[in-house]
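# Observations on the model geometry
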Amino acid sequence: MAVTNASPSPPPDPHPALAGVLDPTARAWLDGGAAEVAAEPGAVRRLFPAVRRRCGRGRLTSYWTVDEAARAVLLTALPLSGRVLADEVTRLHRHGDPAEQRAVLRTLPLLDLGDLAVPLVREALRGNDTTLIEAALGPYAAAHLPDAEYRQAVLKCVFCEIPLARVSGLDTRADRELARMLADFAHERIVAGRDVPQDVRPLLRAHPDVVDAVVGSALKDAFTEADVLKEADVLKEED
């Protein structure tokens, strides 16, 4: 079942940011490629792998790299929707290298796909490439991934040391069951004498009764005076 209470912000339009970094030759190639894809959708299969060579790479915004944004331009130029679009996007993902797969995952929120691309998110979450897991957990997953799978994905991020700030939708989708799962994780860490990641703690504090039921006083005892001071410093920086 699709999620109906999550309303994550869509990713930024890639066009404005690209306009400031692409040289005239790269810009002309991308504009021509988008026009070609709009006229003949199958052309995207040839153009998509060539993006890094023609447009470059590197960080563009907090969301896009240059090649991801350029590939998003090609994908959003496809005059397709629904199942036909899902089939084309799936083909590009399955035959692409990790950079191409990240571009597909990051572009999903901009495409008219409904729930049809959820299998691509699941595929990325089953793997161990943290860059693909992070890309998969953007606004599309926040809006469409079922609750149980979303919780498991958050837990996998914790195990893989992916910062939870990079997971879209936590402000609306974190619930008591996720807190219980994270409390179990925290308890295991405490028993093993290991630290509980800082970004887990706000989710635990939101449900103190769940934490008490799972770990009792252990978690409270784990917050040493130095740890409390560290958290206070983090909160001051955030303010």
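Residues numbered from 1 in each chain as written. Predicted model: local features only at pLDDT ≥ 70, side-chain atom pairs only at ≥ 80, totals over all residues. Heavy atoms only, no water.

### A closer look at the packing of helix 2 (residues 24-39) against helix 5 (residues 66-76)
Going by this rule: Only the contacting stretch of a helix is used when fitting its axis, a line to C-alpha atoms as for every element, and angles between N-to-C directions run 0 to 180 degrees. By the criteria applied, helices consist of DSSP H or I runs no shorter than four residues and strands consist of E runs no shorter than two, each listed in order from the N terminus. In what follows, roughly perpendicular refers to angles from 65 to 115 degrees, roughly parallel to angles under 35, roughly antiparallel to angles over 145, and oblique to any angle outside these ranges. Helix crossings fall into two classes, left-handed where the near helix is turned counterclockwise from the far one by less than a right angle and right-handed where it is turned clockwise. Every residue pair with non-hydrogen atoms within 4.5 Å of one another is taken to be in contact.
Interhelical geometry of helix 2 versus helix 5 gives an angle of 30 degrees and a closest axis separation of 8 Å. With respect to helix 5, the element helix 2 is oriented roughly parallel. The two elements helix 2 and helix 5 meet at a crossing, and its hand is right-handed. Listed contacts from helix 5 to Leu 30, Gly 33, Ala 34 and Val 37 of helix 2 are Ala 70, Val 73 and Leu 74.

### Looking at helix 6 (residues 82-95)
Keep this limit in mind: In a helix, the anticipated span is given by 1.5 Å times the number of residues less one. The cut-offs for exposure are 20% and 50% of the maximum accessible area for each residue type, with area from a 1.4 Å probe on protein chains only; residues under the lower value are buried, those over the upper are exposed, and the others partly exposed. Picture the helix axis, draw a direction to every C-beta atom, and the arc is the one those directions span.
Look at helix 6: 20 Å from first C-alpha to last across 14 residues, which is about the 20 Å you get at 1.5 Å a residue. The set of residues buried in helix 6 consists of Leu 85, Ala 86, Glu 88, Val 89, Leu 92 and His 93. Seen from one end, helix 6 has its buried residues packed into an arc of 165 degrees, which puts them on one side. Those residues of helix 6 that are exposed and angled more than 90 degrees off the buried face are Val 84 and His 95. In this structure, the buried residues of helix 6 make contact with helix 3 (44-47), helix 5, helix 7 (98-107) and helix 8 (118-126).

### Notes on the packing of aromatic side chains
The test is simple: Two aromatic rings from Phe, Tyr or Trp, using only the six-membered ring of Trp, form a pair when their centres are within 6.5 Å; if the ring planes differ by under 30 degrees the pair is stacked, by over 60 it is edge-to-face, and anything between is tilted. Either the NZ atom of lysine or the CZ atom of arginine qualifies as a charge over a ring when it sits within 6 Å of the ring centre and within 35 degrees of the ring normal.
This model, assessed by the stated rule, comprises two aromatic pairs. Where Tyr 63 meets Trp 64, the ring centres are 4.8 Å apart and the plane angle is 80 degrees; that geometry is what we call edge-to-face. A relative accessible area of 0% means that Trp 64 is categorised as buried. Ring geometry for Phe 159 versus Phe 185: centroids 5.2 Å apart, planes at 80 degrees, classification edge-to-face. Here Phe 159, found in helix 11 (residues 147-159), pairs with Phe 185, found in helix 13 (residues 176-191); they are 26 residues apart in sequence, far enough to count as distant. Overall, Phe 185 belongs to the buried group, its relative accessible area being 4%. One cation-aromatic arrangement involves Arg 71 over Phe 48; the distance from NZ or CZ to the ring centre is 5.4 Å. Taking the ring centre of Tyr 63 as reference, the NZ or CZ of Arg 106 above it sits at 5.3 Å.

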